[in-house]
Amino acid sequence: MDLTSDHPYWFVKNGLLQTFPHLKTEVSCDVAVVGGGITGAMVAYRLSQLGFQVALLDRRDVGLGSTSASTALLQYEIDVPLIDMAKKIGRENAERAYRLSHQSIDDIESLVQEVGSDCGFRRKVSIYLAHDRPAAKHLAVEARARRETGLDVEYLRDSELQEQFGLQGAAALITHQAASCDAYRLAHDLLAAAVQNGAQVFDRTDVTEFDIQPDHVVLKTSREVDVHAKRVVIAAGYEAQNLLKERVVDLDNTYAFVSEPLADVSPWNLDWMLWEAREPYLYLRCTDDGRILAGGEDDKFHSPTRRDAVLGKRVKAIRQKVRELIPDLEWEVEFAWAGTFGTTQDGLAYIGESPEYQNCLFALGFGGNGITFSSIATQLIADQLRNIPNQHTDLFRFGR
């Protein structure tokens, strides 16, 4: 599946940071990782650091799937609000999921520092904006539930919102547990570190068949040579649904752009990020080089052709929303792109074993905050492969 339009910004900005060979001879390893985006890169790095012999394969050049189109708004908020998730999976489970997501922001920052990644990781103030009174009332209840869970959040009424941020709206939730980064560059830096740890990385190598044996898996590839692995981690994102009979994800499109670099983003602030409590919603942040990055106007996925055909229309709508939000800031769109992402019924990722694939673990960080789920998946999978019990495995299980 084509997961992005032709020129997502992060690839244009960074280019091919590094290339890896395609698979040429048979390989044996402890763990084969299928998928070279941000999730696969996190998993490969951590497992190689723990001493596993790792081989990673990607059908594209690594990082050129949905990772290259990610806007990388790193937030602990999950697509499904805490109060709504509690109705779906129970209050205790919902609180655990939110606390894990909250912790993942710190974990990602530590990971960036650990590998010395120049991915522009920057802490942000997150503004969750309501435009009308029903949405404001919903945010007030959400704020109360989060505080009871021990999560940091501030509820601002309309006058306070105007005073502190200069924004028009009915209310907003403010949190400081948020960040942004360049996920494409981070993925490459993690893979470089994994290779230093002894991992092997092969791109332009498609896995065509999983030959599952009682004690290992043979990956048949498009290169007509095999990979023999004791265990497999499938980090193929939204394309993994094609491997599964269980329906775990629905696909949507999102549209985004970045402006030209700006010397001054006032009255906006480089340290703010915003998203709206409405559908279709707007999300907005600045890049580390002073560009306005905005997106939204999500719709249901049909085909890459149909998605890309409406890119201009969707970007025009997003641009108008940004101009209404920040009328005093002058800027022009420089790059625009579309990407495909997935949503689940309860807003949670799918991580761990599926009964459909013995000796395989899945790391499928679906949703608008997939990178935080990637971090959670890395820890859960590292524990499972070392036979270390983890009390949170059940939250992300298949068949739930």
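Look up a bit, the structure's there.
Thresholds applied
- Residues numbered from 1 in each chain as written.
- Predicted model: local features only at pLDDT ≥ 70, side-chain atom pairs only at ≥ 80, totals over all residues.
- Heavy atoms only, no water.
- Core = buried A, V, L, I, M, F, W, Y, C linked by side-chain atoms within 4.5 Å.
- Buried < 20%, exposed > 50% of the residue type's maximum accessible area, 1.4 Å probe, protein only.
- Contact = heavy atoms within 4.5 Å.
- Helix = DSSP H or I, 4+ residues; strand = E, 2+ residues; numbered from the N terminus.
- Axes fitted to C-alpha atoms, helices over the stretch in contact; angles between N-to-C directions.
- Parallel < 35°, antiparallel > 145°, perpendicular 65-115°, else oblique.
- Left-handed = near helix turned anticlockwise from the far one by under 90°.
- Nonpolar A, V, L, I, M, F, W, Y, C, P; charged D, E, K, R; others polar.

I'd love a proper account of the nonpolar core, names of residues and values included.
Counting residues in hydrophobic clusters, the biggest one holds 88 residues, and the most contacted among them are V233 and F396. With residues up to four places along the chain from it excluded, the contact list for F396 reads L100, L348, A349, Y350, I351, F373, I376 and L380. In this structure, F210, L251, F362 and F398 belong to the second largest nonpolar core, which totals 32 residues.

Account for the environment of V217, with residues named and values stated.
In this fold, V217 is placed in strand 9 (residues 217-221). Taking the C-alpha atoms as reference, V217 lies 48 Å from P261; in sequence the two are 44 residues apart. Sequence-distant contacts of V217, defined by excluding residues within four places in its chain, comprise F210, D211, I212, V227, H228, A229, V232, Q358, N359 and C360.

I'd like to hear about unusual backbone geometry, residue by residue, with values.
That bond from S266 to P267 is cis: its omega, 10°, falls within 30 degrees of zero. As for its position among the elements, P267 is in the loop between strand 11 (250-259) and strand 12 (272-276). Cis geometry is adopted by the peptide bond preceding P280, which originates at E279 and carries an omega value of -10°. Its identity is not glycine, yet E297 carries a phi of approximately 55°, on the positive side. Relative to the helices and strands, E297 is located in strand 14 (residues 292-300).

Can you break down the packing of helix 3 (residues 82-89) against helix 4 (residues 91-115) residue by residue, with the values?
Running from amino to carboxyl end, helix 3 crosses helix 4 at an angle of 130°, the nearest separation of the two axes being 7 Å. The angle between the axes of helix 3 and helix 4 places the two elements in the oblique class. Crossing hand, helix 3 versus helix 4: right-handed. Across from L82, M85, A86 and I89 in helix 3, the residues of helix 4 making contact are R91, N93, A94, E95, A97 and Y98. Residues that form the contact of helix 3 with helix 4 fall into these classes: seven nonpolar, one polar and two charged.

So far we have only geometry, and geometry alone does not tell us how the molecule works.
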